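Descriptive structure summary
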Amino acid sequence: MTAEPRPNSSWIGRSVKRREDLRLLSGRGRFTDDVTLPRMAHVAVLPSPHAHARIVSINVSEARALPGVLAVMTGRELAALIEPMPTLSSPPVVQHCVAVEKVRHVGEPVAVVVAESRYIAEDALALIAVDYEELPAMVDMEAAMRATGDGLLHPEHGSNVAHHTNNKWGPVDQAFAEAVHVVRRRFRWPRVSPQPIETSGTVADYDPSERKFTIYSNMSQQSVIGARLARSLRADPSDVNFITRDVGGSFGGKSSLYHVPLIAAAMARLVGRPVKFMEDRVEHMANGNQHASDRIYDAALAVDADGKFTGLRLKVIDDYGAYFLMYLGAHGNALAQATGPYTIGALEYEVTCVLTNKTNQAPYRGFGGEVGNFVIERLVDAAARDLKIDPIDLRRRNFIAPDAFPYRIPNGNIYDSGDYGRVLDRALARAEIDHWKGLKEDARRRGKRIGVGVATVNERSVLSVTELWFLSENPAFPQNSSPESVQLKMTPDGTVVVTLFAPHWGNSPETMAIQLVAENLGVDPERIRVNYGDTDSGLISKGPVGSRYTVMIAGAIAGACRELKAKLKRFAGHMLEVGADDIEIADERMFVRNEPEKSRTFAEVARAAHSFRLSFPKDDDFRSGLVAQYTYDHPLTTMPKPDRSDLGIFYPIVGHACHIAVVEIDEVTNAVRFLRYVAVHDAGTVVNPMTVDGQIRGGIAQGIGTALYEKYNFDEQGQLLTGTLADYALPTAMDVPDIIVDHVETPSPFTEFGIKGCGEGGRLAAMPAIAAAVDDAFADEGLFATELPLTPSFLHALRRQLKTKEKAV
């Protein structure tokens, strides 16, 4: 169903069906594994069976002798050909594609085989003999902080602590000294990951005559990645053409997968043939460098006599795994909205980044913001319980008022706009929580528990890359621009061709681009085509990270449309014998102001601009063709202060959401079932309600997984116990309820059309809402969830522990 457009808009606000679906749902997607090149060889890697060990020796002679094997490389041999993987860590924690001298987590590659087929390559792996000397496995992050000697993952650093900072913004000490109440809790956030349908993969080719790599991959941010890969390959950026195909899911997890394209590219250069490397699921889970946040929080909230929040202290220990590839960017996300939607005037944030014998950490939908939201919302619920104040009322009295925006939080970031009370009211109306609370007693008689949970969270969007380094004293790469580019071309028949320079991650870039061009130019969407540029032909692009893409391409498209319209007006003005300023545009026609009978169609003007140069004046304003390129920079960012007393404006386009979860829990099995789920979001001006609702529902599904099912478990030796989808539990269609999605719009004053990002909001709000609902179901037992996931076995143990304490009292 197509909704009516908003006033004064033709296409913004319509639920237009996705243009991408025609090819994706008919099996015509173009994914990395679909790339087949002549004489293509295949890669397989040998994983380490140990979490921490020295490599004493590797014998690859039998593997090299196997018919069909083209090359076998150890880590030391490969390190002689390519540099370590790119890293943002400073000082750098070196990570090679294949382990050199020692392995630091189960699954880390120790050798690479290139063969005529993947089958032969896998057979060759079985012929490689590796002698290991096991070392102590550092699995517990707090124990790893204290480790010495052989317990150090990178002895050259002298410690497993890769980073530690403690920052205060605002009168923190005063807030806690004067607080009437201080609410303290310790939280444990689980290690999970995105689990996309498509694992990571690359097809790489090398042309020695041009010294040129052509890399097809499902990694993200192609305009940035190509240059980073080039450095590791000891090549110039212009020597790498990086081509992103359709991506079968990323959610951030494919942004750091350098080892896959680097191994494929290095092997292609070595053997003189195209090489494909597609991870299998076990490789992706054990060595994908895409596990998400794994944290302990000691958190405290200062509250005054009126129930107002005055200060927040967060002490975070973060388990980054064996390396430090992305530095601590996830904490930039959290800091962008660290005080949530509340008027908290003082913030202390202490973070310790620890290296352990686990897979590397990388972004996952929310990139730390979801963890921060969980912690502050749980603190608010704890405050409501301790102070015996209704949690909804407590939130209301601490919300930032609508007339306070733009609102600056203590560390310097700002929130652009919002009306949090209106979002809460809409969610309460849709959830009908009084109805569900009225059913609690009846449920108890049936052996069931009903619980209602509320979460009110912010969704920072449109990142500035300063967040990746501003907590460092000596950042490795203090980049401060994150632009987005687009090219528009009008063909002689008036069709508009849009070229995007970021990958298709499974979001809706083509549909968004079509709607935005249609709105800006007044062109029928059926006459708009979208394609993608590679790095050879492309303009600079950061891509769809940090809930930024629609906002940024809206800015780029608006700029390109202004330039294209200016060219059209010049040509049409000459054809109609008036000045360009006298030309108006509507319905793919250009007419003289106040004389609509004097007009030309877009097609007529475009044909003239392409083929009749001599009919126009001989100056640069009438160069042949109708092409506009535009690079749009971030709408509002500032640099951090040198002493970090102000982190600058780095994530200012801030949405908001209220999620209300109603659950039913079986008294005996502790299995959780959803009775109702309501999500009301403020994403500013909504371009396409259908796609936004899909993003929100997908994020909630992932949030349900984090809240109730998913966790990477390791034993004391660092063995991954949940390394397959048979052990790592994902939510199924049966576990995800029908979700009611609604919207409140407070347009951003800083973006085109007032758009805000919304790609991560579903997951940013789901976990605290679900935890609060489980609490409410067992309120009489005093249950309070400080750890996820809330599996049936975990709930059983927690309830039994509470009953044991009650008996002891």
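**Comments concerning the packing of helix α17 (residues 549-576) against helix α18 (residues 602-611)**
The geometry of α17 relative to α18 is characterised by a closest axis approach of 10 Å and an angle of 95° between their N-to-C directions. As far as their axial angle goes, α18 and α17 are roughly perpendicular. Judged by residue contacts, Leu568, Phe571, Ala572 and Met575 of α17 engage Phe602, Glu604, Val605, Ala608 and Ala609 from α18.

**Some details on helix α11 (residues 369-387)**
Over its 19 residues, α11 extends 27 Å from the first C-alpha to the last, a length consistent with the 27 Å expected when each residue adds 1.5 Å. Burial analysis of α11 places 17 of its 19 residues in the buried class, which makes it a mostly covered element.

**Let's talk about the confidence of the model for the chain**
Should the pLDDT be low somewhere, the predicted coordinates at that spot are not to be read in detail. With 98% of its residues at a pLDDT of at least 70, the chain reaches an overall mean of 94. Across residues 1-5 the pLDDT falls below 50, and counting only partners more than four positions away or on other chains, this stretch makes eleven contacts in the model.

**With respect to the packing of aromatic side chains**
Considering all chains together, one arrives at 17 aromatic pairs under this definition. A centroid spacing of 5.5 Å and a plane angle of 80° characterise the contact between Phe405 and Tyr420, whose relative ring orientation is edge-to-face. Here Phe405 is found in the loop between α12 (391-398) and β16 (407-408), whereas its partner Tyr420 is found in helix α13 (residues 420-431), with 15 residues between them in sequence. What makes Phe405 buried here is its relative accessible area of 14%. For Tyr420, a relative accessible area of 1% translates into the label buried. Put simply, the rings of Phe309, Tyr342, Phe399, Phe405 and Tyr420 pair up and form one aromatic cluster.

**Looking at the pattern of salt bridges**
Applying the stated criterion to the full structure yields 57 salt bridges. In this structure, Asp21 and Arg18 form a salt bridge, with 2.9 Å as the shortest nitrogen-oxygen distance. Residue class for Asp21 comes out partly exposed when judged on its relative accessible area of 25%. For Arg593, the salt bridge goes to Glu584, with nearest N and O atoms at 2.9 Å.

**Some words on the packing of α11 against helix α20 (residues 761-777)**
Between α11 and α20, the least distance of the axes is 8 Å, while the angle of their chain directions is 30°. Classed by the angle they form, the pair α11 and α20 counts as roughly parallel. Along this stretch, α11 crosses α20, giving a crossing that reads as right-handed. Seen from α11, the contacting residues are Gly369, Glu370, Asn373, Phe374, Glu377, Arg378, Asp381 and Arg385; seen from α20, they are Arg763, Leu764, Met767, Pro768, Ala771, Ala772 and Asp775. Across the contact of α11 with α20, the residue classes break down as six nonpolar, two polar and seven charged.

Calculation criteria
Residues numbered from 1 in each chain as written. Predicted model: local features only at pLDDT ≥ 70, side-chain atom pairs only at ≥ 80, totals over all residues. Heavy atoms only, no water. Axes fitted to C-alpha atoms, helices over the stretch in contact; angles between N-to-C directions. Helix = DSSP H or I, 4+ residues; strand = E, 2+ residues; numbered from the N terminus. Parallel < 35°, antiparallel > 145°, perpendicular 65-115°, else oblique. Contact = heavy atoms within 4.5 Å. Expected span 1.5 Å × (residues − 1). Buried < 20%, exposed > 50% of the residue type's maximum accessible area, 1.4 Å probe, protein only. pLDDT = per-residue confidence, 0-100. Phe/Tyr/Trp six-rings, centres within 6.5 Å; stacked < 30°, edge-to-face > 60°. Salt bridge = Lys/Arg side-chain N within 4 Å of Asp/Glu carboxyl O. Left-handed = near helix turned anticlockwise from the far one by under 90°. Nonpolar A, V, L, I, M, F, W, Y, C, P; charged D, E, K, R; others polar.

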